[in-house]
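# Summary of the model geometry
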Amino acid sequence: MATSDNRLLDGIIEQADKRAQKNIEEAQASAKAILAEAQSRIEAQNALLARELEQKLKLIALRLETNKASARRKAILTEVDARYQAVMDRVVELIDAKRVLAHLPQWIAEATLGLDLREAKVASSRKAAVTEEHLKSAAALIKAATGGEVTLHLDPKPLTGLGVVVSSMDETVSFNNQVEIRLRRFDRIIRTLIQEHA
């Protein structure tokens, strides 16, 4: 009986060993699969982080280039502004009453034609005052250009700046042809020229 009990016991122990071995192998296989899956997830996460990092670096590089370009534009604009101011200061130095007086008839004619008036009054500064001669010359220029007759009057109110302001007799419309305003009309052209040579 003892032998049969031993065999039974040996069989149970053997089966238990086999089951234990199988459980160990299954646990090892499961652990291996879990480790492989974890490794795969780590690699996928690392790849995702690497892509995100690359995108962030590209964005930073793009921002850096944008900031550099913006700084260059600001520097160019600052230089253009400084050169523009230097040019305008020099122009203002060169424009004196004597130079302006020579152009008054053309400026009066231009303003009168711009307003399309047959009768107008002309204001000027005391430094470069419009005379009856200037009015006659302007009227002659208008007649030569359009064939039309105009009547121009001196406006007794003086201007502070050099140049002229031509107004309708009731002062409802006017055309400012003072030096400062004329220079502003050429502002874009002057700035463009300065930018091209900056």
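Residues numbered from 1 in each chain as written. Predicted model: local features only at pLDDT ≥ 70, side-chain atom pairs only at ≥ 80, totals over all residues. Heavy atoms only, no water.

### Quick look at the sheet that holds strand β1 (residues 119–124)
- Pairing in this open sheet of 4 strands is mixed, and the strands run β2-β1-β3-β4 from one edge to the other. One side of each edge strand has no neighbouring strand; the edge strands of this open sheet are β2 (151–154) and β4 (174–178). Here the average twist between neighbouring strands, direction ignored, is 20°.
- Each of β1 and β2 touches helix α3 (residues 132–146); the most contacted strand, β2, lies at about 160° to it. (Pairing = 2+ DSSP bridges. Helix = DSSP H or I, 4+ residues; strand = E, 2+ residues; numbered from the N terminus. Axes fitted to C-alpha atoms, helices over the stretch in contact; angles between N-to-C directions. Contact = heavy atoms within 4.5 Å.)

### Re the packing of helix α2 (residues 97–115) against α3
- At their nearest, the axes of α2 and α3 sit 8 Å apart, and the two run at 50° to each other. Taken together, α2 and α3 sit at an angle that is classed as oblique. You can see that α2 and α3 cross each other, and the crossing is right-handed. Contacts between α2 and α3 involve Leu101, Leu104, Pro105, Gln106, Ile108, Ala109, Thr112 and Leu113 from the first element and His134, Leu135, Ser137, Ala138, Leu141, Ile142 and Thr146 from the second.
- Of the residues that constitute the contact of α2 with α3, the class distribution is 10 nonpolar, 5 polar and no charged. (Parallel < 35°, antiparallel > 145°, perpendicular 65-115°, else oblique. Left-handed = near helix turned anticlockwise from the far one by under 90°. Nonpolar A, V, L, I, M, F, W, Y, C, P; charged D, E, K, R; others polar.)

### A few points about α3
- Between its terminal C-alpha atoms α3 stretches 21 Å, which fits the 21 Å expected from 15 residues at 1.5 Å a residue.
- Residues of α3 that are buried include every one of His134, Leu135, Ala138 and Ile142, and no others. Projection of α3 onto a plane perpendicular to its axis shows the buried side chains occupying an angular sector of 100°, all on one side. In α3, the exposed residues that point more than 90 degrees away from the buried face are Glu133, Lys136 and Ala144.
- On its buried face, α3 is in contact with α2, β1 and β2.
- Remark: Gly147 follows α3 within two positions and exhibits a positive phi of approximately 85°. (Expected span 1.5 Å × (residues − 1). Buried < 20%, exposed > 50% of the residue type's maximum accessible area, 1.4 Å probe, protein only. Arc of directions from axis to C-beta.)

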